[in-house]
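Listed below, chain by chain, are the residues.
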Amino acid sequence: MDRKESIGILGVQPGVGVTHLGVAMMEYSLRYRRSRTAYVELSGNHEIEQLQDVAGRRFHHAGRAMFFPNQSGNSPGEWMQSECDTYIVDAGSDFYRSKNEFMRCDRKLILMSLSPWKRQEVEQFMTYIYKGEKWCNSITLLAHLGNKEDKKDFQKRYKIPIYCCPYIEDPFHLKEADTKFLSTLF
C-alpha cells in the first residue's frame, strides 16, 4: 500500500450492523489485501474491547491488526499516527458524537434499514445531511432491509443510489459472495 486510507462506517439507527460490517471489512483488508489494518471505535459502545478478546482467538494475522477502543469523535485521533495502511472507523449510530472524525474519512459508508418502522429515522437523517450538510455525493449508502419499492422511492427522492448490503454470516470467515461485496467498499 502506498498511502494510508480510512473508511468510516456510520449507522443511521442503532443495531443496524456497523460493527459487524466493520469486522468483516477488517478481515477482508487483512486477509485479501494483506494490509496492516486498524479498527477504530468512535461509537463509545465499548464493543471493541470485547472484539479484541474474540479477535485474538479468531484473527490469524499476527502483527497486522490493531485496535483503538473508545476514541473521541471530536478530534483527530492518535490512531492516525500508527503504522497501519487501512483504518476501519466504526462511528456507531451517534452521528453528532462522531461527525467530525467520520467526515475526515476517505470513504464514508452509511448503513441503514429501510424497514417501514425505521423510515422516520432515515428521513430525519437524510433531511439533515441532504439539506443541511450538502455532502451526499461523498457517501455510499447501504441498506440491509427494505423492499424494492422503498429503495426505488428513496433513490428517486434523494437522487442518491442505495446499495444492498448482504448478510455476512460470520465476519471472521468470509465466503466468496462476502469477499465480492467487500471488495466494492474499498
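Check the entry above for the structure.
Residues numbered from 1 in each chain as written. Predicted model: local features only at pLDDT ≥ 70, side-chain atom pairs only at ≥ 80, totals over all residues. Heavy atoms only, no water.

Draft legend 1. The arrangement of the packing of aromatic side chains in detail. All chains considered together, the criterion is met by 5 aromatic pairs. Ring centres of Phe95 and Phe125 lie 5.5 Å apart, and the angle between their planes is 85°; on these two criteria the pair is classed as edge-to-face. You can see Phe95 sitting in helix H3 (residues 95-104) and its partner Phe125 sitting in helix H4 (residues 119-133), a full 30 residues away along the chain. The buried category is assigned to Phe95, whose relative accessible area is 4%. Ring-pair connections join several aromatic residues into one group, and the members of that group are Tyr28, Tyr32 and Phe186. (Phe/Tyr/Trp six-rings, centres within 6.5 Å; stacked < 30°, edge-to-face > 60°. Helix = DSSP H or I, 4+ residues; strand = E, 2+ residues; numbered from the N terminus. Buried < 20%, exposed > 50% of the residue type's maximum accessible area, 1.4 Å probe, protein only.)

Draft legend 2. Expanded view of helix H5 (residues 148-158). Taken together, the buried positions of H5 are Asp150, Lys151, Phe154 and Tyr158. Burial along H5 is one-sided: seen end-on, the buried residues are contained in an arc of 100°. Exposed positions of H5 whose direction lies more than 90 degrees from the buried face are Lys148, Glu149, Lys152 and Lys156. Here H5 starts with a cap whose side-chain oxygen sits 3.1 Å from the backbone nitrogen of Glu149, and that cap is Asn147. Among the residues trailing H5, Lys159 stands out with phi positive, at a value near 55°. (Arc of directions from axis to C-beta. Polar contact = N/O pair within 3.5 Å; in protein donor to acceptor, adjacent residues only side chain to side chain.)

Draft legend 3. Local environment of the side chain of Asp178. By secondary structure assignment, the location of Asp178 is in helix H6 (residues 176-183). Within the buried core, Asp178 has no salt-bridge partner, and the shortest N-O distance to an opposite charge, that of Lys175, equals 6.2 Å. Not counting residues up to four positions away in its chain, the partners in contact with Asp178 are Tyr167, Ile168 and His173. (Lys, Arg positive; Asp, Glu negative; His and termini not counted. Salt bridge = Lys/Arg side-chain N within 4 Å of Asp/Glu carboxyl O. Contact = heavy atoms within 4.5 Å.)

Draft legend 4. Region of the structure containing the pairing of strand E1 (residues 5-11). For E1, the tally of buried residues reaches 7 of 7 residues, placing the bulk of the element in the interior. Both faces of E1 are covered, namely the face carrying Glu5, Ile7, Ile9 and Gly11 and the face carrying Ser6, Gly8 and Leu10. With 5 bridges connecting them, E1 and strand E5 (residues 107-112) associate as parallel partners. Paired with Gly11 across the strands is Leu111, a residue of E5. (Pairing = 2+ DSSP bridges.)

Draft legend 5. Looking closely at the sheet that holds strand E2 (residues 37-41). Reading across the sheet, the 7 strands line up as E3-E2-E4-E1-E5-E6-E7 and stay open at both edges, with parallel pairing between neighbours. Of all the strands in the sheet, the pair left with one neighbour each is strand E3 (65-68) and strand E7 (162-164). Adjacent strand axes in the sheet meet at a mean angle of 25°, parallel and antiparallel pairs treated alike. Where strand E6 (residues 140-143) lies against E7, 3 bridges are found, and the strand directions are parallel. Its bridge partner lying in E7, Leu141 is registered against Ile162. Relative to E1, H3 is tilted by about 155°, and along the sheet it contacts E1 and E5. (Axes fitted to C-alpha atoms, helices over the stretch in contact; angles between N-to-C directions.)

Draft legend 6. Local environment of the nonpolar core. Ranked by internal contacts, the top residues of the largest apolar core, which has 26 residues, are Leu21, Met25, Tyr39, Leu142, Leu182 and Leu185. Of all the secondary structure elements, the ones that give two or more residues to this core are E1, helix H1 (18-31), helix H2 (47-58), E5 and H6. When residues in this core are grouped by element, the largest group, 8 residues, is from H1. If near-sequence neighbours (up to four positions away) are discounted, Tyr39 is found in contact with Val18, Thr19, Gly22, Val23, Met26, Ile48, Leu51, Met66, Phe67, Phe68, Ile88 and Asp90. Ala91, Ile129, Phe154 and Tyr158 belong to the second largest nonpolar core, which has 19 residues in total. (Core = buried A, V, L, I, M, F, W, Y, C linked by side-chain atoms within 4.5 Å.)

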